[in-house]
Amino acid sequence: MSKPPVRVAIAGALGRMGRQMANAVQGDARLALAARFHRPGSVGQGLVSRDEALAVAEIVIDFTTPAASADLARICAERGGPALVIGSTGFDAAQSAAIADAAKTVPIVRSGSFSLGLNMLVGLVEQAARALDPDDWDVEIVEAHHRYKVDAPSGTALMLGHAAAGGRGIDLETVARRARDGTIGARPPGEIGFAVLRGGSIIGEHSVSFCADGELVTLSHAAGDRVMFARGAIAAALWLEGRLPGEYDMRDVLGLNGS
């Protein structure tokens, strides 16, 4: 007897990723599009209220805003479900803490990127940072996105920064340089720098350069279509089914964290 499809609700259904996710879910026989909802007051186009969506879904896929995602996680925890796949980025400490608290009650996959290739890049960056002496090798992260992206550096760039810092056994916030302007002096050893580009319709480009005297190693990834993020979110949704409460990321989904 075939297994019934997993019932999925899409948050932010009228956004770019919301529309992409709805199409992807409808095209996957393992999933059923149970509901679509947007911000309060949004009507038409097959939308329902958030409460109606949560009542019929097993998993919610959410690519909205940090505030909306944190609030949605709180509501799901209060209800005892559904589980969540969160692709929003730009969270502050309080919003991240709210999601972590909700994950004590419901399983949540949250990631700065749902791309398989990008998550492989994160692992390579961590390995390179572990192997290359920070006194000799500078780390610079460059990211580019479309003109409508509101947070910077991107959540993916921060993932890469945390990977580089983790490979070196340090906290990213102690060595991160997010902006340079004016007379800033020589670059201190061990610093991890970020540069941000915004323009046009760039979906997402990220590179991590390890720079030493006389040589340069650059690891990079470019997104050509948002469908890759949708594929990753679907993989996360399927992985979440029946999972115990906890906050997970895409590396857990891909088995790269040993789970």
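Above this text is the structure in question.
Residues numbered from 1 in each chain as written. Predicted model: local features only at pLDDT ≥ 70, side-chain atom pairs only at ≥ 80, totals over all residues. Heavy atoms only, no water.

### Considering the packing of helix 5 (residues 116-131) against helix 6 (residues 155-167)
Two numbers describe how helix 5 lies on helix 6: the axes approach to 7 Å, and their chain directions differ by 30°. Comparing their axes, helix 6 and helix 5 come out roughly parallel. Between helix 5 and helix 6 lies a crossing whose hand is right-handed. For the pair helix 5 and helix 6, the contacting residues are Leu118, Asn119, Leu121, Val122, Val125, Glu126, Ala129 and Arg130 in the first and Thr156, Met159, Leu160, Ala163, Ala164 and Gly167 in the second. Taken together, the residues of the contact of helix 5 with helix 6 break down into 9 nonpolar, 3 polar and 2 charged. (Axes fitted to C-alpha atoms, helices over the stretch in contact; angles between N-to-C directions. Helix = DSSP H or I, 4+ residues; strand = E, 2+ residues; numbered from the N terminus. Parallel < 35°, antiparallel > 145°, perpendicular 65-115°, else oblique. Left-handed = near helix turned anticlockwise from the far one by under 90°. Contact = heavy atoms within 4.5 Å. Nonpolar A, V, L, I, M, F, W, Y, C, P; charged D, E, K, R; others polar.)

### A short note on the sheet that holds strand 1 (residues 6-11)
An order of 2-1-3-4-5-11 is seen for the 6 strands of this open sheet, with the pairing classed as parallel. On the outer flanks of this sheet lie strand 2 (31-36) and strand 11 (246-248), each paired with one strand and no other. Going from strand to strand, the sheet's axes swing by 25° on average, the running direction of each strand aside. Lying on the sheet, helix 3 (residues 66-79) is in contact with strand 1, strand 3 (59-62), strand 4 (83-86) and strand 5 (107-110); it crosses strand 4 at an angle near 170°. (Pairing = 2+ DSSP bridges.)

### Concerning the sheet that holds strand 7 (residues 176-177)
Across a sheet, strands are paired by hydrogen bonds formed along the backbone, either parallel or antiparallel in direction. As summarised here, the arrangement of the 5 strands in space is 7-8-6-9-10, forming an open sheet in which the pairing is mixed. What marks the edges here is a single partner per strand, and that holds for strand 7 and strand 10 (215-223). Summarising the sheet, strand 7 and strand 8 (residues 192-198) pair through 2 bridges and their orientation is parallel. Along strand 8, the bridge assignment pairs Arg177 with Gly193. Lying over the sheet, helix 5 contacts strand 9 (204-212) and strand 10, oriented at roughly 165° with respect to strand 10. Across the face of the sheet, helix 6 comes into contact with strand 6 (138-145), strand 8 and strand 9 while running at roughly 165° to strand 8.

### Quick word on the nonpolar core
Among the nonpolar cores identified, the biggest contains 29 residues, and Met21, Ile61, Val85, Val109, Phe114 and Leu240 are the most heavily contacted of them. Sorting elements by how many residues they give to this core places helix 7 (residues 227-240) first, with 9 residues. Those residues in contact with Ile61 that sit more than four places away from it in its chain are Val8, Ala9, Ile10, Ala11, Met21, Val25, Val85, Ala233 and Ala237. (Core = buried A, V, L, I, M, F, W, Y, C linked by side-chain atoms within 4.5 Å. Buried < 20%, exposed > 50% of the residue type's maximum accessible area, 1.4 Å probe, protein only.)

### Let's talk about the side chain of Asp151
Among the structural elements, Asp151 can be located in the loop between strand 6 and helix 6. Look at Asp151 and you get buried, because its relative accessible area is 12%. Among residues more than four places away in sequence, those in contact with Asp151 are Thr89, Gly90 and Arg198.

### Re the packing of helix 1 (residues 16-26) against helix 7
At a closest axis distance of 9 Å, the pairing of helix 1 and helix 7 adopts a crossing angle of 60°. As summarised for this structure, helix 1 and helix 7 are arranged oblique, according to the angle between their axes. Crossing of helix 1 over helix 7 shows right-handed handedness. Packed against helix 1, whose contacting residues are Met17, Gln20, Met21, Ala24 and Val25, the element helix 7 presents Val227, Phe229, Ala230, Ala233 and Ile234 at the interface. Of the residues in the contact of helix 1 with helix 7, the class split is 9 nonpolar, 1 polar and no charged.

Note that every value here comes from positions in space, so none of it alone points to a role or purpose.
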